[in-house]
Amino acid sequence: MAQKLLLRYKDNERMNHWFLALMFFLAGLSGLAFFHPSFYFFTHLFGGGAWARILHPFMGVLMVISFLGLFFRLWKQNTFTDADREWKKHMGDMLKGNKASLPPVGKYNYGQKMVFWAMTLSLVVLLVTGVMFWRPWFDGVFPIPVQRVAVLLHAVSAVVLVISTVVHVYAAIWVKGTVRAMTRGTVTESWAKLNHPLWHQEMTKK
Ligand code: HEM
């Protein structure tokens, strides 16, 4: 029997998400090229060192703008509740695959919310610090010692963003039936009941 489907993301939200993912990979690969000489070969993807250097900040800004598109739609659903604090205590059960003993969750669980805020914070730091040493546009605006601290914070927040994204992608693949939420826009009713029972109730009440 065909499974009943629930709409999780509209077309424009999915296009927004995949544009964001593309910008993340492009800004990430060009950034890695400057991170360590052993990654310098990535500059070939962008037309050489000079072009990678020119394009990297623009791709970074596009990544932040496209993240904002999702942020304004989803931040309310990512705020922490008492149910999340309770869920956090049972995180071990989630990792063991013992989902039945987890307190019911809404559209996003505690882990997803943590990833969402880690992405938000790291992108804010990447943007602010990146502008501080974006030559030639902001050349001379910030003193050299401030720019040096900015370079360090930029690298640290890039590492945080990459780790958050690795966790995000791993979790999306690990929880079967999740990836289709972002490819087709829909999830099965049984996926919703099992992983996000409060969201399922909300969606089927209407
Ligand atoms: C190949 C890479 C990626 C895959 C396979 C992927 C997959 C997914 C999936 C399946 C969802 C829906 C999860 C759900 O509704 O429960 C989702 C949501 C989301 N993704 Fe991705 N994603 C990728 C890359 C990224 C990147 C690079 C970012 C940000 C830098 C990102 C940010 C988000 C955000 C903000 C949401 C909304 C969920 C929330 O608010 O917690 N994704 N992604």
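In what follows, the structure referred to is the one given above.
Computed from a predicted model, the values in this text were never measured in an experiment.

1. Some details on the coordination of the iron atom of the ligand
Here is step 1 of the chain: Looking at the iron atom of the ligand, the protein donor atoms are His17 (NE2) and His168 (NE2), and they sit 2.0 Å from it.
Here is step 2 of the chain: Coordination at the iron atom of the ligand is octahedral: its 6 donor atoms span angles of 87 to 179° at the metal. Here His17 is found in helix H1 (residues 11–35), whereas its partner His168 is found in helix H6 (residues 144–174), with 151 residues between them in sequence.
Here is step 3 of the chain: Overall, His17 belongs to the buried group, its relative accessible area being 13%.
Here is step 4 of the chain: On the accessibility criterion, His168 (35% relative accessible area) is partly exposed.

2. Section: the nonpolar core
Here is step 1 of the chain: Counting residues in hydrophobic clusters, the biggest one holds 34 residues, and the most contacted among them are Met63, Phe67, Leu123 and Leu161.
Here is step 2 of the chain: Those elements that provide at least two residues to this core are H1, helix H2 (49–74), helix H5 (110–132), helix H7 (179–183) and helix H8 (189–195).
Here is step 3 of the chain: If one sorts the elements of this core by residue count, H2 sits on top with 8 residues.

3. A closer look at the packing of H1 against H6
Here is step 1 of the chain: Axis separation between H1 and H6 bottoms out at 11 Å; the angle between their running directions is 135°. Compared by their axis directions, H1 and H6 come out oblique. Here H1 and H6 pass one another in a crossing that is left-handed. Counted together, His17, Phe24 and Phe35 of H1 and Ala155, Val159, Leu161, Val162, Thr165 and His168 of H6 form the full contact between these two elements.
Here is step 2 of the chain: Counted by class, the contact of H1 with H6 contains 6 nonpolar, 3 polar and no charged residues.

4. Focus on the environment of Val146
Here is step 1 of the chain: Within the element layout of this structure, Val146 appears in helix H6.
Here is step 2 of the chain: On the accessibility criterion, Val146 (34% relative accessible area) is partly exposed.
Here is step 3 of the chain: Separated by 106 residues in sequence, Val146 and Tyr40 place their C-alpha atoms 26 Å apart.

5. Focus on the site of the ligand
Here is step 1 of the chain: Lining the immediate surroundings of the ligand are 22 residues, of which Arg8, Tyr9, His17, Gln112 and His168 lie closest.
Here is step 2 of the chain: Contact distances for the ligand include 2.7 Å between an oxygen atom and a side-chain N or O atom of Arg8.
Here is step 3 of the chain: A distance of 2.5 Å is found between an oxygen atom of the ligand and a side-chain nitrogen or oxygen belonging to Tyr9.
Here is step 4 of the chain: Contributing elements (two or more residues each) for the shell around the ligand: H1, H2, H5, H6 and H7.
Here is step 5 of the chain: For the shell around the ligand, the element with the highest residue contribution is H1, accounting for 5 residues.
Here is step 6 of the chain: Along the lines of polarity and charge, the residues of the shell around the ligand split into 15 nonpolar, 6 polar and 1 charged.

Each value, and the rule that gives it
Residues numbered from 1 in each chain as written. Predicted model: local features only at pLDDT ≥ 70, side-chain atom pairs only at ≥ 80, totals over all residues. Heavy atoms only, no water. Donors = N, O, S within 2.8 Å, 3.2 Å for Na, K, Ca; no water. Tetrahedral: all angles 85-135°; square planar, octahedral: opposite > 155°, others 65-115°. Helix = DSSP H or I, 4+ residues; strand = E, 2+ residues; numbered from the N terminus. Buried < 20%, exposed > 50% of the residue type's maximum accessible area, 1.4 Å probe, protein only. Core = buried A, V, L, I, M, F, W, Y, C linked by side-chain atoms within 4.5 Å. Axes fitted to C-alpha atoms, helices over the stretch in contact; angles between N-to-C directions. Parallel < 35°, antiparallel > 145°, perpendicular 65-115°, else oblique. Left-handed = near helix turned anticlockwise from the far one by under 90°. Contact = heavy atoms within 4.5 Å. Nonpolar A, V, L, I, M, F, W, Y, C, P; charged D, E, K, R; others polar. Near = heavy atom within 4 Å. Polar contact = N/O pair within 3.5 Å; in protein donor to acceptor, adjacent residues only side chain to side chain.

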